[in-house]
Amino acid sequence: MTAAAEHVPPPLIEQLKPGGRMVIPVGNPFQPQMLVLVTKGSKGPRDLQVRNLMPVAFVPLTGGVKPN
């Protein structure tokens, strides 16, 4: 992701395959956010590992996320 979301959008988690990883900035707009690594395990959408990587500052995500 190249824009910060207030939380990790569920449609993006659904698009991850087992073993897939996503790096996304998460936090309030116009404030420092946290760069987060989300890894989906083999047991489905509830088998997630979330790891904070570092503080960052990105523009906010606008317009929502549309599933494929």
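Look a little higher up for the structure.
This part is about the overall build of the protein. In terms of regular secondary structure, the protein is built from one helix and three strands. When the elements of the protein are put in sequence order from the N terminus, they spell out α-β-β-β. Relative to its 68 residues, the protein shows a buried fraction of 37%. Only carbon and sulfur atoms are counted for the fraction: they give 56% of the accessible area of the protein, which is about 4,800 Å².

Mapped onto the secondary structure, Pro60 falls in the segment after strand 3 (48-56). Taking relative accessible area as the criterion, Pro60 reaches 21% and is therefore assigned partly exposed. Separated by 31 residues in sequence, Pro60 and Pro29 have C-alpha atoms that sit 5.2 Å apart. Excluding its chain neighbours within four sequence positions, the residues that come into contact with Pro60 are Ala3, Ala4, Pro29 and Phe30.

Turning our attention to the nonpolar core. Ala5, Val8, Leu12, Ile13, Leu16, Met22, Ile24, Val26, Val36 and Val38 together form the largest nonpolar core, which totals 10 residues. Only helix 1 (10-15), strand 1 (21-26) and strand 2 (33-40) provide two or more residues apiece to this core. Among the elements that take part in this core, strand 1 stands out by supplying three residues, more than any other. Every residue in contact with Leu16, bar those within four places of it in the chain, is listed here: Arg21, Met22, Val38 and Lys40.

Here strand 2 lies mainly inside the structure; seven of its eight residues are buried. The pairing of strand 1 with strand 2 spans six bridges and is antiparallel. For Met22, the partnering residue across the bridge sits in strand 2 and is Val38. Hairpin connection between strand 1 and strand 2: a loop of six residues separates the two successive antiparallel strands, and Gly27 in this loop has a positive phi of roughly 155 degrees. Both strand 2 and strand 3 contribute to a ladder of eight bridges, which runs antiparallel.

The rules behind each value
- Residues numbered from 1 in each chain as written.
- Predicted model: local features only at pLDDT ≥ 70, side-chain atom pairs only at ≥ 80, totals over all residues.
- Heavy atoms only, no water.
- Helix = DSSP H or I, 4+ residues; strand = E, 2+ residues; numbered from the N terminus.
- Buried < 20%, exposed > 50% of the residue type's maximum accessible area, 1.4 Å probe, protein only.
- Areas by Shrake-Rupley, 256 points an atom, 1.4 Å probe, with all protein chains shown as cover.
- Contact = heavy atoms within 4.5 Å.
- Core = buried A, V, L, I, M, F, W, Y, C linked by side-chain atoms within 4.5 Å.
- Pairing = 2+ DSSP bridges.

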